[in-house]
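Fold and contact review
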Amino acid sequence: MNRIDRLYALAEELRAAGPRGRTARQLAARFEVSVRTIERDLSALGQAGVPLATKQGRTGGYSVDRSMSLPPLNFTAREAMAVAVALSGSDHVLFARDSRTALQKIVAAMPKQALDEARAAAAKVRLLVRPTPDPDGDVAEQIWRAVRDNQVLRIFYTNGDGVETVREVEPQHWVVGPKGSYLTAWCHLRQEDRVFRMDRITKAERTPILPHRPQATGDLHVDGFETKLPAAALHPEDLFPTPT
C-alpha cells in the first residue's frame, strides 16, 4: 500500500472506529508499518485538515469526526449476509486482507438491529470450500502489480516434474479457479501464451523491459467452466439499460 492509499485508509479506519478510536500501536499493526510511520501519517492528516482528536490515558488514542467523509451506507441484513457469504467463499492470499477490511466497514456502518439480524441469518449458512494451494504472499503481490500495471515479469517457475526455469513473461490475467490460482501470460521463452500455476512460481521480479504483445482483451474460455467477470459488479448501471 502506497502512502496516499494508506492515508485515506487510515482516515476511514478512524472514522469507522467511532468515538472509541484507535491507538497508534493498533494502527501500526493494522497497516503493518511502524508506530513512528503512523504518527507521521496522523500528523499529515491533521495538517491536511482532517479533524483528529486525541484522548490521553491507558485507553486513549486517536479518533476522527465521522461526518468528515461519506456517511455510512445503510445495508439491509440480507445485503450484509450476501456480502459476508461471498467474501467467505474466497480466502485467497491476494484478497484476504481487503475482504476483511471491506466487511469491517460494512459492519461498522450498520445499525445494531440490522447487524444482529444479519449475524443470526448468516449463522444458518454453511459453505463447502476446497482448500487450494496459495502462492507466497510477496510473490502474489509482485505478480498482481505486474498484471495491473502491464509490466514484464521475470519468474522462477517449477513445473510438475520439479524442473525450475527462469523466464520473462508479459502478464495478462490473474485467474482464480476451484483448484488454485493461475497466471496467463505471453512467455518470451516459448514465444506463445502460457498458463502458470501461481503456487509453482517461487520468485517474481519486475523488469525494465517494455511489453510488446497487445494486452489480451477476449474472455477466458476453459472447457467445463463458466468464466465470471468481477469487473461487471463495479458497473451496476449496466444491469439497468437506459430506456430508449
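Our structure is the block above this text.
The rules behind the values
- Residues numbered from 1 in each chain as written.
- Predicted model: local features only at pLDDT ≥ 70, side-chain atom pairs only at ≥ 80, totals over all residues.
- Heavy atoms only, no water.
- Core = buried A, V, L, I, M, F, W, Y, C linked by side-chain atoms within 4.5 Å.
- Buried < 20%, exposed > 50% of the residue type's maximum accessible area, 1.4 Å probe, protein only.
- Helix = DSSP H or I, 4+ residues; strand = E, 2+ residues; numbered from the N terminus.
- Contact = heavy atoms within 4.5 Å.
- Phe/Tyr/Trp six-rings, centres within 6.5 Å; stacked < 30°, edge-to-face > 60°.
- Salt bridge = Lys/Arg side-chain N within 4 Å of Asp/Glu carboxyl O.
- Pairing = 2+ DSSP bridges.
- Axes fitted to C-alpha atoms, helices over the stretch in contact; angles between N-to-C directions.

As for the nonpolar core
- Membership of the largest hydrophobic core comes to 18 residues, with the highest contact counts inside it found for I143, I155, V169, L183, F196 and I201.
- Where this core is concerned, the elements lending two or more residues are helix 7 (137–149), strand 3 (153–158), strand 4 (164–177), strand 5 (180–187) and strand 7 (201–206).
- If one sorts the elements of this core by residue count, helix 7 sits on top with five residues.
- Here L183 is in contact with I143, V147, V169, P171, H173, R194, V195, F196, M198 and I201, once residues within four sequence places are set aside.
- Judged by nonpolar contacts, the second largest core, of 14 residues, contains A9, F31, I38 and L42.

What about the packing of aromatic side chains?
- This model, assessed by the stated rule, comprises two aromatic pairs.
- Each ring, one from W144 and one from W174, has its centre 6.4 Å from the other, and the planes form 80°; the classification is edge-to-face. A residue pair is termed long-range when its members are at least 10 positions apart, and W144 in helix 7 and W174 in strand 4 qualify at 30 residues.
- The buried category is assigned to W174, whose relative accessible area is 13%.

Concerning the pattern of salt bridges
- The tally for this structure, following the rule as stated, stands at 14 salt bridges.
- For E168, the salt bridge goes to R154, with nearest N and O atoms at 3.1 Å. Of this pair, E168 sits in strand 4 while R154 sits in strand 3, and the two are 14 residues apart along the sequence.
- A relative accessible area of 27% places R154 in the partly exposed class.
- Here R154 makes a salt bridge to E205, at a shortest N to O gap of 3.6 Å. In this pair, R154 is assigned in strand 3 and E205 in strand 7, connecting sequence segments 51 residues apart.
- Residues participating in the shared-partner salt-bridge network are R154, E168, K203 and E205.

Quick look at the sheet that holds strand 3
- Here we have five strands laid out as an open sheet, ordered 6-5-4-3-7, and antiparallel in their pairing. A strand with exactly one partner marks an edge of an open sheet, and here the two such strands are strand 6 (192–197) and strand 7. Taking the axes of each pair of neighbouring strands and ignoring which way they run, one obtains an average angle of 45° across the sheet.
- Contacts between helix 7 and the sheet are confined to strand 3, strand 4, strand 5 and strand 7, with strand 7 contributing the most and set at about 45° to the helix.

Purely geometric numbers; function is a separate question.
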